[in-house]
Amino acid sequence: MHRGMPKPRDDLLGVAIDVSVELGKMLLNERPTDIQTDEKSSPVDVVTEMDRAGELRARQALARYRPDDAICGEEGVREPGTSGVTWVIDPIDGTTNYLYRLPLWAVSVAAVVDGRIEAGCVHAPAVDMTFTAARSLGAHLVQGGHRSALSVSTAGRLDHSLIATGFGYGSTRRAGQGRVLAEVLPQVRDVRRSGAASMDLCWVAAGWLDGYYERGLHVWDYAAGALIVSEAGGDVSWLAGGAIEPLLIHDGEEPTLIAATPGVKDELHAVLIAASADQVP
Ligand code: IPD
C-alpha cells in the first residue's frame, strides 16, 4: 500500500485501489523489453501482451476480494456475477503510450451498481498519480504519499480554457475528429492530447484542464474518470444531451462525451454542436 492511501478495506473504493495498485506494479516492473503486440480494430490500434496479462491479474485479484461480482474488461474478460456489482476495467488506458514508454498510461477500475458508478480509481504508476473517488465522498489524488482533495478549475471563459481531446483508431474517424478540432482550436486557449482518456478526465477533476471531449470512447475508458470528475464538481454528459448514468455496460463505442468545469461547459457544448462533433463517422 502506498503512503497516504486509505487503508485496505472491504469497500468498493478500497478494492478498486488495491486492484489498481497491484496491476500497476506488475505493468511497471514486468514490462518485457521486446513487448509483443497484436492489431485490434485497425493497424494502429494495438493490444500488448501486458494489456492481456493485466486484465487476467485484475480478474484474479477481484476473485480474491469479491468473488461474487461481475467483471467487464477492455481485453474481453466477461465474468457474470450475483452480487449486483460490476467492475469495469481498462488494464492499460493509454496503450500506445505504454508501448512507446511514454509515462502517461493508467489502470482504470470502476465499480458500478444499478448503472451508478459507486467507486473509481485511475492509477498512473509511471507518474506516481492515483486518482480516486467514491460516490458522495469526493475525489482525491494521492501523489508522493500525500492525499489531497480534487476540485475542478474556476475557469469561466472558453477562450481562456485548456481543453483536451482524443482520437479513435480508424482513419475516417480521425479525419472527422481533425475537422472538429480545427473548429475548436481557434476558440480556446490551447488543446492537449495525452493519449489516455482516463487521465484527461482526472486532469479535468484536478483543475489542470478546463474541459475534455471525445467521440467514440468505450465504457472502460471513462467509467472511473467520470465519477472522479463529477465528485470534483465537474459536469460529465453526452453532447447530444443527457447524463451518462444509468451507465450502460456494453462493448460499443459511445457518442461524444464532454467533461468540463461548470463555467465553460455550456460554451464548449455550443462549439461542439456547431462543429457537428457527433456526426463524425
Ligand atoms: C484510448 C485512449 C486514448 C483515447 C482512445 C482510447 P486505449 O484507450 O484512452 O486517449 O483517445 O479513444 O481508445 O486504447 O489506450 O485503452
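Residues numbered from 1 in each chain as written. Predicted model: local features only at pLDDT ≥ 70, side-chain atom pairs only at ≥ 80, totals over all residues. Heavy atoms only, no water.

**Comments concerning the packing of helix α1 (residues 12–29) against helix α2 (residues 49–65)**
Contact pair α1 / α2: the axes reach a minimum separation of 10 Å and the direction vectors enclose 145°. The chirality of how α1 crosses α2 is right-handed. The residues of α2 that touch α1, namely those facing Val-15, Asp-18, Val-19, Glu-22, Leu-23, Met-26 and Leu-27, are Met-50, Ala-53, Gly-54, Arg-57, Ala-58, Ala-61, Leu-62, Arg-64 and Tyr-65. (Axes fitted to C-alpha atoms, helices over the stretch in contact; angles between N-to-C directions. Helix = DSSP H or I, 4+ residues; strand = E, 2+ residues; numbered from the N terminus. Left-handed = near helix turned anticlockwise from the far one by under 90°. Contact = heavy atoms within 4.5 Å.)

**A few points about helix α6 (residues 219–231)**
Between its first and last C-alpha atoms α6 spans 18 Å; for 13 residues at 1.5 Å apiece the expected length is 18 Å, and the two agree. Considering bend angle alone, the principal kink of α6 is centred on Gly-225 and spans about 25°. Within α6, eleven of the 13 residues are buried, which leaves the element mostly enclosed by the surrounding structure. Within the sequence span of α6, burial applies to Val-219, Trp-220, Asp-221, Tyr-222, Ala-223, Ala-224, Gly-225, Ala-226, Leu-227, Ile-228 and Val-229. Phi for Gly-233, located one or two positions after α6, is positive at around 100°. (Expected span 1.5 Å × (residues − 1). Bend = angle between axes of the 7 residues up to and from the residue. Buried < 20%, exposed > 50% of the residue type's maximum accessible area, 1.4 Å probe, protein only.)

**Re the site of the ligand**
Near the ligand, the surroundings consist of 16 residues, among which Asp-93, Gly-94, Thr-95, Tyr-169 and Glu-214 are the closest. At 2.9 Å, a side-chain N or O of Arg-193 approaches an oxygen atom of the ligand. Ala-197 places a polar main-chain atom, nitrogen or oxygen, 2.8 Å from an oxygen atom of the ligand. For the ligand, whose unbound accessible area comes to 380 Å², protein coverage reaches 96%. If one sorts the elements of the shell around the ligand by residue count, strand β5 (residues 85–93) sits on top with three residues. Taken together, the residues of the shell around the ligand sort by class into six nonpolar, four polar and six charged. (Near = heavy atom within 4 Å. Polar contact = N/O pair within 3.5 Å; in protein donor to acceptor, adjacent residues only side chain to side chain. Areas by Shrake-Rupley, 256 points an atom, 1.4 Å probe, with all protein chains shown as cover. Nonpolar A, V, L, I, M, F, W, Y, C, P; charged D, E, K, R; others polar.)

**Description of helix α7 (residues 262–274)**
With 13 residues, α7 extends 19 Å from end C-alpha to end C-alpha; this agrees with the ideal 18 Å at 1.5 Å per step. Within α7, burial applies to Val-264, Leu-268, Val-271 and Leu-272. Taken around the axis of α7, the buried residues stretch over an arc of 95°, which confines them to a single face. Counted as exposed and oriented over 90 degrees from the buried face of α7: Asp-266 and Ala-274. If you follow the buried residues of α7, they end up packed against β11 (162–165), α4 (171–184), β13 (211–214) and β15 (257–260). (Arc of directions from axis to C-beta.)

**Here we look at the sheet that holds strand β7 (residues 116–124)**
Across the sheet, which stays open at both edges, the eight strands sit in the order β4-β3-β5-β6-β7-β8-β9-β10 with mixed pairing between neighbours. Lying at the two open borders of the sheet, with one neighbouring strand each, are β4 (78–79) and β10 (146–149). Where β5 lies against strand β6 (residues 106–113), seven bridges are found, and the strand directions are antiparallel. By the bridge assignment for β6, Ile-89 is matched with Val-109. (Pairing = 2+ DSSP bridges.)

**Describing the sheet that holds β13**
Read from one edge of the open sheet, five strands run β12-β11-β13-β15-β14, paired in mixed fashion. The open sheet has two edge strands, β12 (190–192) and β14 (235–238), and neither has a second partner. Strand-to-strand twist across the sheet, computed as the mean angle between neighbouring axes with direction ignored, equals 20°. Of the strand pairs in this sheet, β11 and β12 are connected by three bridges, and their pairing is parallel. From the neighbouring strand, Leu-162 faces β12, where its bridge partner is Asp-190.

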